[in-house]
Structure formats: structure tokens, C-alpha cells
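Residue strings, one per chain:
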Amino acid sequence: MTSTGAPKLTVIGTGYLGATHAICMAVLGFEVLGVDVDEAKISKLAAGEVPFFEPGLPELLTKALESGRLRFGTSFEEAAAFGDVHFLCVGTPQMPGSDACDLTYLDAAVRGLAPHLERRALVVGKSTVPVGTAARLTTLVQELAPAGTDVELAWNPEFLREGYAVDDTLRPDRLVFGVASEWADQQLTAAFKPILDQGTPVIRTDLATAELVKVAANSFLATKISYINAMAEVCEAVGADIKDLADSLALDDRIGGKFLKPGLGFGGGCLPKDIRAFAHRAEEIGVGQAVSFLREVDDINRRRRARTVDLVRELLGGQISGRRIAAWGAAFKPNSDDIRDAPALDVARTMHGLGGHVRVYDPAALDNARRAYPELRYGESALDAAEDADVVVLLTEWSEFREIDPDALAQVVRHKRIVDGRHALDADQWRAAGWEYRALGRS
Ligand code: NAD
């Protein structure tokens, strides 16, 4: 504890979630130590460089380091000696060859930290996990920690969105505290005091509910996206217009327009793996039928990627092989450089596999894409990628792409054909400029 009574915090795992959490907590006034096994990442953060794209975060990192309240390191021993509250923020990806969640990183973090916990402390899971993980980790922590049952475990699921991570961390819609004791609740309350003082609603509940809140939220969002994309499939079959349909539904207060945008569907490091892990876990505990619809949600989502390739093929007269294709977008969504399970790159790679000469451009994710998929070609700008293109395919709805002038683009392409995978462009404007415009779910 500091002299003001505020707990000292550690953040184990300093990726998209952990780095943001560590930086924001230091900005809010806490003393914070960020720990990761990735030495290169820790060196960058310690030197004031955010190792990923997140608007507003670099400025806050500078501020936090200057305050002297934020440090980074790789020692669990140091973390255990320093911290009163330890946030676990390591990755929980999909297990290779299975839909299950891979908990090896989380287990390794606990096994790294717990043997050094010699005094009373709270370990708080923030990673997204299958229900039941917190109960298992409580046993593991208490077995391994010299302080035994003086070390408690809590779960505080994280809801931040990449691209808005700073605001979501400093001003969250709600906090969820999954706690097993009054003491754990007091520690979490102290660790989030500045945020609670803003009047942020907090739900205090048990560990299992806290774990479930996160996967339930992501399942709902994924379902909403796949719902409107299922409607797009129907629209395509009957020549109806998904954009008008979605706009009409969005005006219904009971439905709302958020996550009701038709298009290429969801991707990223959370939604796809979280719905699969949820379905898998539900089957393990005998309630698979309750969430079996998530398999359908996933299938609808995957079909959008295939259908986008079909649209490109149709616009090219049935042939992708040998054609020049500009692929705009690589990140799974705008304002991020995250390419995990990115629909844009999936589509680009499929078209490349079909013999297309694909050239990708993304405002933030080019380096990550180049590293992951060196077989693809890359442009230095949207217009550069579109040089001599037979078709342009918009795959991630960066505002940079929305703002492109159809006449300026017409100067560089070979054919004025565009597939708008995200309903990001004004179809009438592009058609008026002489473009063949196609979008999923629109005739
Ligand atoms: P990430 O891959 O960016 O970061 C994970 C970090 O954990 C990496 O830096 C990795 O080096 C580190 N790590 C792995 N093993 C470790 C160990 N044993 N000890 C210490 N560090 C270790 O992942 P992320 O996107 O930050 O996601 C982390 C968790 O948060 C996941 O469970 C994810 O589902 C959840 N989450 C992510 C977001 C998001 O927008 N990215 C939002 C909410 C929840």
C-alpha cells in the first residue's frame, strides 16, 4: 500500500489489454508495475513506445512514465514483492486444432507469480476465460503461494474496444467485480476508486457470473452482427436491399443500430474465439444446446468472407486468376493494427490463392500484415495499392477509404469496379462517377 492507502498494482501481460490497463491506472494515480515474458515488448514500453496502434495511448504512456508511477519489467518475484493487487491480462487464444480456449498462458502467469506471493494479496483475472477457470485458479494460487489462503482471487472482466481502449478504460460503461469475499471486494473497490468516484455503475457478483458476463456480452454482439448478415443473405436471394432494411431496424428503439451493420462480419482476437470457446465450454458442462446457435452465428460470419470473394469474382466476369485486385484494409477493424482473425486478410489471402494479383494497403496494420503474410503484395497508400487495378475491394472501413474521391481513384485504376465489403461508401455517388459498385446484400 502507498501512504495514501491506495493499493500498488501489477499488470501481468502487457498486450493490447494489459498495456492499456497499466498505463491508464498509472495516469489515474496508482503506482503500477507492468510485467510480461516478452522482453522486446517490455523494453519498448519502458522506452515510451506503445508496441501497437491505439489512438491516445502513446501520449498517456509518456505522461505515466514521466510521473514516475509506471514501470515495466519481466520479474515475477519483483511483481510479487511490489504489488497488493495483481491483474492477470495475458492472452487466452483459441487452442490450435480445437474450439476450446487455450489457458496455458494464464496458467503459466499464475505459476510464475504465485510461488512468490508471501503476503496477503489479491490476484484479479481480467482475461476472457471459460466459466470455472477462476475457481480452478483459486485452488492453484493458494496451493502455490507461500501466503496460502491469504492470497485471494477475483474476476474483473474487461470490455474495452481496440480503437477506443483509452476512453473505455478511463470511463467504462460498467465494472463487474466477481469476488469471493468482502476483503476482495474492498481491494477491488480501492483499485478502481477514481473510476467508481465518477459514478460508474458496478455489479458485484460471484466468480462464475463475472466470467460469464464477458462471454455473454461478446456472444450477444456477434449474434447481432450475424443476424443482420443472415438478413443480407436473404436480401441477396430476392433482390432486396440490406442497407435499407438495416437502417429501418436501427430506428426501432428496441433494436438499435449498434452492431447492426451488414458487411464482411466480425473478426479479431476476441469475438470469434470467444463464441467458439463458449460453445465448447457449454458442451463440456452439459448445456451445449443452450448456446448451439453460436455455431450458426460463426457459420454465417464465415460465409460473408466467402461471399465477398464471390462478389469480386462476379464483378470480374467470373475469373479472379491473373486479375489485379486492390485490397483496402488488413486490420480486423478500423483504428487498430490488430490482424488476428482479420476478415480483410482472410479475403485477400483467398483471392491470392485463387491466382489474383492482390495488393493490400492498410493505414496502421501493414507491418503486422507483412510479417504474417509475406506472400501478399503491399501498397504504400490506398491509391498506390489501386494502381492499374481491375477491381478495388474495401475490406476494413477506415475513414481514409470513405473519404477517397471516386474521380481521383478513377485516374489510377484500370477498371472502375469496386466491391464495398463494409457498406462504407455512398453507392449513388460512386455509380454517378461511373463506377460499377457492388456490396453484400444489395442488388
Ligand atoms: P495480447 O496477445 O495483445 O497480449 C497478451 C500478452 O500476454 C502478451 O504481451 C504476452 O507476451 C503476454 N504473456 C503471455 N504469457 C505470459 C506470461 N506467462 N506471463 C506474462 N505475460 C504473458 O492479448 P490481448 O488482446 O491484450 O488480450 C488479453 C486478454 O484480454 C484475452 O483474454 C482477451 O480475450 C482479453 N480481452 C482483450 C480485449 C482486446 O480488445 N484486445 C478486450 C477485452 C478482453
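Everything below is about the structure shown above.
### Focus on the overall build of the protein chain
Item 1. Each helix and strand counted, the protein chain has 19 helices and 14 strands in total.
Item 2. Considering only C-alpha atoms, the protein chain reaches an extent of 70 × 50 × 40 Å along its principal axes.
Item 3. A total of 443 residues make up the protein chain; the buried ones form 54% of that total.
Item 4. In the protein chain, once contacts between residues fewer than 6 apart in sequence are set aside, the share between residues at least 24 apart is 72%.
Item 5. By element, 51% of the accessible surface of the protein chain is carried by carbon and sulfur atoms, the whole surface being about 18400 Å².
Item 6. For the protein chain, the centre of its 49 positive side-chain charges and the centre of its 64 negative side-chain charges are spaced 2 Å apart.

### Looking at helix α12 (residues 271-284)
Item 1. Between its terminal C-alpha atoms α12 stretches 20 Å, which fits the 20 Å expected from 14 residues at 1.5 Å a residue.
Item 2. Here α12 lies mainly inside the structure; 10 of its 14 residues are buried.
Item 3. Taken residue by residue, α12 has Leu-271, Pro-272, Lys-273, Asp-274, Ile-275, Arg-276, Ala-277, Phe-278, Ala-279 and Ala-282 as its buried positions.
Item 4. Buried residues in α12 make contact with α10 (207-238) and α13 (293-315).
Item 5. Positive backbone phi, at 85°, marks Gly-286, one or two positions downstream of α12.

### Some remarks on unusual backbone geometry
Item 1. In this structure, Phe-259 takes a positive phi of about 60° despite not being glycine.
Item 2. At Asp-388, a residue that is not glycine, the phi angle is positive and equals roughly 60°.
Item 3. Positionally, Asp-388 belongs in the loop between α16 (382-385) and β12 (391-394).

### Some thoughts on the pairing of strand β7 (residues 175-178)
Item 1. Side chains Leu-175 and Phe-177 of β7 all project onto a buried face; the interleaved residues Val-176 and Gly-178 project onto the opposite face, where all are buried too.
Item 2. Bridging between β7 and strand β8 (residues 202-205) involves 4 bridges; their strand directions are parallel. Paired with Phe-177 across the strands is Arg-204, a residue of β8.

### Structural notes on the site of the ligand
Item 1. Taken together, 27 residues sit near the ligand, with Leu-17, Asp-36, Lys-41, Thr-92 and Lys-273 positioned nearest.
Item 2. Between the ligand and the protein, one listed contact pairs an oxygen atom with a side-chain N or O atom of Thr-92 at 2.5 Å.
Item 3. Thr-128 is positioned with one of its backbone polar atoms (N or O) 2.9 Å from an oxygen atom of the ligand.
Item 4. Protein coverage of the free-state accessible area of the ligand, which is 830 Å², stands at 90%.
Item 5. Where the shell around the ligand is concerned, the elements lending two or more residues are α1 (16-27) and α5 (104-113).

### Describing the nonpolar core
Item 1. Val-312, Ile-325, Trp-328, Met-351, Val-392 and Leu-409 are the most contacted members of the largest nonpolar core, which has 56 residues in total.
Item 2. Examining the composition of this core, we find that 5 residues originate from one element, helix α14 (residues 343-353), more than from any other.
Item 3. Residues within four places of Leu-409 in sequence aside, it is in contact with Trp-328, Leu-383, Ala-386, Val-392, Ile-404, Trp-430 and Trp-435.
Item 4. If you look at the next biggest cluster of nonpolar residues, it comprises 43 residues, including Ala-26, Phe-30, Ala-165 and Ala-184.

### Side note on the sheet that holds β12
Item 1. Sheet architecture is open: 6 strands sit in the order β11-β10-β9-β12-β13-β14, paired in parallel fashion. One side of each edge strand has no neighbouring strand; the edge strands of this open sheet are β11 (377-378) and β14 (436-439).
Item 2. Where strand β9 (residues 324-328) and strand β10 (residues 357-361) come together, 5 bridges link them in parallel fashion. Looking at the pairing, Trp-328 lines up with Tyr-361 of β10.
Item 3. Of the strands in this sheet, β9, β10 and β12 are in contact with α14, which crosses β10 at around 160°.

### Here we look at the pattern of salt bridges
Item 1. Enumeration according to the criterion identifies 37 salt bridges in this entry.
Item 2. As a salt-bridge pair, Arg-307 and Glu-236 come within 2.9 Å of each other at their nearest N and O atoms. Here the residue Arg-307 occupies a position in helix α13, and Glu-236 occupies one in helix α10, the gap between them amounting to 71 residues.
Item 3. Taking the relative accessible area as the measure of exposure, Glu-236 reaches 25% and is therefore partly exposed.
Item 4. Linking Glu-436 and Arg-417 is a salt bridge whose minimum nitrogen-to-oxygen distance equals 3.7 Å. One end of the pair, Glu-436, is in strand β14; the other, Arg-417, is in strand β13 (residues 417-420), and 19 residues separate them in sequence.
Item 5. Within this structure, Glu-236, Arg-304, Arg-307, Asp-310, Arg-313, Glu-314 and Arg-438 form a network of salt bridges that share partners.

### Notes on the side chain of Asp-362
Item 1. Summarising the element assignment, Asp-362 is placed in the loop between β10 and α15 (366-372).
Item 2. Within the buried set, Asp-362 has no salt-bridge partner at all; the shortest N-O distance to an opposite charge, 9.8 Å, is to Arg-422.
Item 3. Only 2.7 Å separates the side chain of Asp-362 from the backbone nitrogen of Ala-330, close enough to count as a polar contact.
Item 4. Reaching out from Asp-362, the side chain makes a polar contact with the backbone nitrogen of Ala-331 at a distance of 3.0 Å.
Item 5. In this structure, Asp-362 is in contact with Gly-329, Ala-330, Ala-331, Thr-396 and Trp-398, ignoring residues within four places of it in sequence.

### A word on the side chain of Thr-10
Item 1. Looking at the element boundaries, Thr-10 is found in strand β1 (residues 9-12).
Item 2. Polar side-chain contacts of Thr-10 include one of 2.8 Å to the side chain of His-86.
Item 3. The contact partners of Thr-10, leaving out residues within four places of it in the chain, are Leu-33, Ala-79, Phe-82, Gly-83, Val-85, His-86 and Phe-87.

Reading the values: rules and limits
Residues numbered from 1 in each chain as written. Predicted model: local features only at pLDDT ≥ 70, side-chain atom pairs only at ≥ 80, totals over all residues. Heavy atoms only, no water. Helix = DSSP H or I, 4+ residues; strand = E, 2+ residues; numbered from the N terminus. Buried < 20%, exposed > 50% of the residue type's maximum accessible area, 1.4 Å probe, protein only. Contact = heavy atoms within 4.5 Å. Areas by Shrake-Rupley, 256 points an atom, 1.4 Å probe, with all protein chains shown as cover. Lys, Arg positive; Asp, Glu negative; His and termini not counted. Charge placed at Lys NZ, Arg CZ, Asp CG, Glu CD. Expected span 1.5 Å × (residues − 1). Pairing = 2+ DSSP bridges. Near = heavy atom within 4 Å. Polar contact = N/O pair within 3.5 Å; in protein donor to acceptor, adjacent residues only side chain to side chain. Core = buried A, V, L, I, M, F, W, Y, C linked by side-chain atoms within 4.5 Å. Axes fitted to C-alpha atoms, helices over the stretch in contact; angles between N-to-C directions. Salt bridge = Lys/Arg side-chain N within 4 Å of Asp/Glu carboxyl O.

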